[in-house]
Amino acid sequence: MEIQKRLSACWDRIVSCFRKPEQPKTGGSNKDTTFFTNGHTDEPKPFNRLAPAPSRNHYLALYDYSARTADDLSFNTGDKLEALSKDAGEWWFAKALTGISINRTGYIPANYVAPVESIDAEPWYFPDTKRLDAEKMLLAEGNNHGAFLIRNCESQKGELSLSVLDHGRVKHYKLKKLENGQYFVSRTKSFETLKELVEWYTVQADGLCVRLGEPCKKLEAPTTYGLSYNTVDTWEIDRKSIKLGKKLGAGQFGEVYEGLWNDTTAVAVKTLKPGSMDPGDFLREAQFMKRLRHAKLIQLYAVCTMEEPIYIITELMRHGSLLEYLQMDKGNDLGLSDQIEMAAQVASGMAYLEQQNYIHRDLAARNVLVGENNICKVADFGLARVFMVKNENVYEAKEGGKFPVKWTAPEAIQDGIFSIKSDVWSFGILLYEIMTFGQTPYPAMTNYQVVQKILEGYRMPPPAKCPKPLYGIMSDCWKRDPQDRPTFETLQWKLEDFFDLDTTSYDDANRYHS
Ligand code: AMP
């Protein structure tokens, strides 16, 4: 009887938790991110001291870019550009000095270029690439034996690592520095610049597993900041500039289509069922959502809110939701390392939200999207909040809105307390979905039974073939006290370091897996 009473109280709370006005969690600490800026120039010395110093406004294209509007410039990797004005922030007004747009002026995405002769302009320099990503990139099609890249070392801030493809396996070396600032792999030979180091090992292996070959191929260009220079601030766009194409899927609140913006740029368009949200509420939330920029978060590009249906324009992910990806044929090709890596990517996106004091509120495999090479990005962050109607100053779930009970932390169910720690709980469930290739959690249990059992202390058993340490991580996410659950930062490194292995030593035990 007592249990029955507690249960029905819980159900009341499931509904009433939506009625609590929520704290604005996104204000204040949202700072402009520098994720895509080009400021990283930690190479102190010029490579060729006899050559005239390059102009500070001369840049080298790191990727191909196809003009999206009449006002921007097309260019190819390796083209030189002169930045004439950087006033527009992440889009610069520039003149092409070489290549297909030579002598023409127009806007360019600033994160596609790097200063000429800076370390960022080197084709082998991949500073913000994690060890796992480096492995994936080097193992991707197009790279041959000896392909390499240099990246920031994850485990030791300020240090660099060299990752090399050797007969289908990737090996990592630390690049250490002498007191005089010279770089070395082995103490027997040091170099003033990284470029000199690369040139040396390109000529001979000299102790490395293989002589350095071609720089690693870049997988894909980064996401631009908004669709173009003039949608960055005025990001309400004319819906006539969007052509809807193939339907990609349908969610609870509307349909998602492939779209073409300005006849040039592939995007995803989420169309919202009329009345599913208050446009004003959405726009307020979207102001924050748009500022959240991370390689593992789906970027919100623009919106059309002037008439219904509201359009939300985001980057397009070729393989759709992680849930479908796991359940379909693609799931058959996934091994344990892929599963862990995908989980690590989600943790990385969530760690960024954690740092920005932002709460997702509906983290689940259905809200993670997959692109080429198993790239995963977290989608729909913050949307759960706006899919509620404001009703006499309280928030309430839209009629017919489904509450994802099986993904929701007990304190959110009981008391309506959503926090980054309730997101961590959901992440544990998402791990379960990944390990079971998209099985519904708590199989054969109803939502009602789940709430009952969870409050009694029940937790799902380990899925088949789930390594013990991974189940340990899941269980940590499901601790009753939110404060006992790990941070996303911890989850990220635990998953990234999951396969840490001791390696046989090279030279002064320098080769490593960090
Ligand atoms: P949602 O309404 O967000 O649940 O989306 C419904 C379905 O549309 C998802 O399950 C995906 O298959 C697809 N989808 C949503 N957003 C995108 C996107 N940005 N790129 C590709 N497919 C998407």
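Given the structure is predicted, the values throughout are model-derived calculations rather than measurements.

Draft legend 1. Quick peek at the overall build of the chain. Counting its secondary structure elements, the chain contains 13 helices and 19 strands. Counting only residues that meet the buried cut, the chain has 52% of its 514 residues in that class. Once local pairs closer than 6 in sequence are excluded, the contacts in the chain between residues at least 24 apart make up 62%. Carbon and sulfur atoms make up 50% of the accessible area of the chain, which amounts to about 23,800 Å² in all.

Draft legend 2. Structural view of the side chain of Glu433. Relative to the helices and strands, Glu433 is located in helix H10 (residues 420–435). The side chain of Glu433 is buried and forms no salt bridge, while Arg366, the nearest opposite charge, is found at 5.1 Å. Of the polar contacts made by the side chain of Glu433, one reaches the side chain of Trp407; its length is 3.0 Å.

Draft legend 3. The arrangement of the sheet that holds strand E6 (residues 148–152) in detail. Within the open sheet, the five strands sit side by side as E6-E7-E8-E9-E10. Their pairing is antiparallel. The strands lining the two open edges of the sheet, one partner per strand, are E6 and strand E10 (190–191). Two strands pair when backbone bridges link them, and strand E9 (residues 183–184) and E10 are joined in this way by two bridges, in the antiparallel orientation. Note that in E10 the partner of Phe184 across the bridge is Ser190.

Draft legend 4. Layout of the packing of helix H7 (residues 336–355) against helix H13 (residues 488–496). At their nearest, the axes of H7 and H13 sit 8 Å apart, and the two run at 155 degrees to each other. As far as their axial angle goes, H13 and H7 are roughly antiparallel. Remark: the crossing between H7 and H13 carries left-handed chirality. For the pair H7 and H13, contact is made by Ile340, Ala343, Ala344, Ala347, Ser348, Met350, Ala351 and Glu354 and by Phe488, Glu489, Leu491, Gln492, Leu495 and Glu496, respectively. Partitioned by chemical class, the residues of the contact of H7 with H13 number nine nonpolar, two polar and three charged.

Draft legend 5. Examining the pattern of salt bridges more closely. Enumeration over the complete set of coordinates arrives at 12 salt bridges. The residue Lys377 makes a salt bridge to Glu315 at a minimum N-O spacing of 2.9 Å. Of the two residues, Lys377 is situated in strand E17 (residues 376–378) and Glu315 in the loop between strand E15 (311–314) and helix H5 (322–327); the sequence distance between them amounts to 62 residues. Pair check on accessibility: Lys377 and Glu315 agree, each one buried.

Draft legend 6. Structural context of the packing of aromatic side chains. By the definition in use, this model includes 11 aromatic pairs. When the centroid spacing of 5.4 Å and the interplanar angle of 65 degrees are considered together, the rings of Tyr63 and Tyr112 count as edge-to-face. On the criterion of sequence distance, the pair formed by Tyr63 in the loop between strand E1 (58–61) and strand E2 (80–85) and Tyr112 in the loop between strand E4 (105–109) and strand E5 (113–115) is long-range, its members being 49 residues apart. Note on Tyr63: relative accessible area 17%, which makes it buried. The ring of Tyr63 is capped by Lys218, whose NZ or CZ atom sits 5.5 Å from the centre of that ring. The residue whose ring lies beneath Lys218 is Phe126, and the NZ or CZ to ring-centre distance is 5.1 Å.

Draft legend 7. Structural context of the nonpolar core. Core analysis: the largest hydrophobic core is formed by 65 residues, its most contacted members being Phe282, Leu322, Val346, Phe427, Phe488 and Leu495. Counting contributing residues per domain, this core is built from domain 3 (229–314) and domain 4 (323–496), each supplying no fewer than three. Membership of the second largest hydrophobic core comes to 24 residues, among which are Tyr63, Trp92, Ala96 and Val113.

Draft legend 8. Summary view of the pairing of strand E3 (residues 91–96). Bridge analysis of E2 against E3 gives four bridges, and the strand direction is antiparallel. In the strand pairing of E3, Glu82 is matched with Lys95. Two strands pair when backbone bridges link them, and E3 and E4 are joined in this way by five bridges, in the antiparallel orientation. Residue pairing for E4: Lys95 is matched across the bridge by Thr105.

Draft legend 9. Inspection of the site of the ligand at higher detail. Around the ligand, the structure places 16 residues, and the nearest of them are Lys270, Glu315, Met317, Glu324 and Asp380. In the environment of the ligand, an oxygen atom lies 2.6 Å from a nitrogen or oxygen atom belonging to the side chain of Lys270. Within the side chain of Glu324, a nitrogen or oxygen atom sits 2.8 Å from an oxygen atom of the ligand. The set of elements that each furnish at least two residues to the shell around the ligand consists of strand E11 (242–251) and strand E13 (265–272).

Draft legend 10. Up close: the environment of Met342. Along the chain, Met342 falls in helix H7. Under the relative-accessibility criterion, Met342 is labelled buried at 0%. With 153 residues separating them in the primary sequence, Met342 and Leu495 have C-alpha atoms 9.3 Å apart. Apart from the residues lying within four places of it in its own chain, the contact partners of Met342 are Leu322, Tyr325, Leu334, Val370, Asn374 and Cys376.

Criteria and cut-off values
- Residues take numbers from 1 onward in each chain, read along the sequence in its written order.
- Local features in this predicted model are restricted to residues of pLDDT 70 or higher, and side-chain atom pairs are both shown and tallied only at a pLDDT of 80 or more, whereas totals for entire chains, interfaces and linings draw on every residue.
- For the side-chain quantities, the full set of heavy atoms in the structure was used; hydrogens and water were omitted.
- Only DSSP runs of H or I covering at least 4 residues are called helices, and only runs of E covering at least 2 are called strands; the numbering of each starts at the N terminus.
- Categorising residues by exposure relies on relative accessible area from a 1.4 Å probe, with only protein chains included: less than 20% of the type maximum marks a residue as buried, more than 50% marks it as exposed, and the intermediate range marks it as partly exposed.
- By the convention used here, residues are in contact when the closest approach between their heavy atoms is within 4.5 Å.
- Working definition of accessibility: Shrake-Rupley area with a 1.4 Å probe, residue cover restricted to the visible protein chains.
- His is not counted, nor are the chain ends, whereas Lys and Arg count as positive and Asp and Glu as negative.
- A carboxyl oxygen of Asp or Glu within 4 Å of a side-chain nitrogen of Lys or Arg is what we treat as a salt bridge.
- Here a polar contact means two N or O atoms within 3.5 Å. Within protein one must be a hydrogen donor candidate and the other an acceptor candidate, and residues neighboring in sequence count only if both atoms are side-chain atoms.
- For two strands to count as paired, DSSP must find a minimum of two bridges between them.
- An axis is simply a line fitted to the C-alpha atoms; with a helix, the fit covers only the stretch in contact. Between two such axes, the angle follows the N-to-C directions and lies from 0 to 180 degrees.
- An angle below 35 degrees is read as roughly parallel, one above 145 as roughly antiparallel, one from 65 to 115 as roughly perpendicular, and any other as oblique.
- A clockwise turn of the near helix away from the far one marks a right-handed crossing, whereas an anticlockwise turn of less than a right angle marks a left-handed crossing.
- Side-chain classes follow a simple rule in which Ala, Val, Leu, Ile, Met, Phe, Trp, Tyr, Cys and Pro form the nonpolar group, Asp, Glu, Lys and Arg form the charged group, and the remainder, Gly included, forms the polar group.
- For this analysis, a ring pair means two rings from Phe, Tyr or Trp (six-membered ring only for Trp) whose centres lie within 6.5 Å, classed as stacked if their planes differ by under 30 degrees, edge-to-face if by over 60, and tilted for the remaining angles.
- Any Lys NZ or Arg CZ that is within 6 Å of a ring centre and within 35 degrees of that ring's normal is treated as a charge sitting over the ring.
- Throughout, nonpolar core names a set of buried Ala, Val, Leu, Ile, Met, Phe, Trp, Tyr and Cys residues whose side chains join them through atoms within 4.5 Å.
- Residue ranges assigned to each domain were obtained from an automatic or database domain assignment.
- Nearness is defined per residue: one heavy atom within 4 Å of the molecule or strand is enough.

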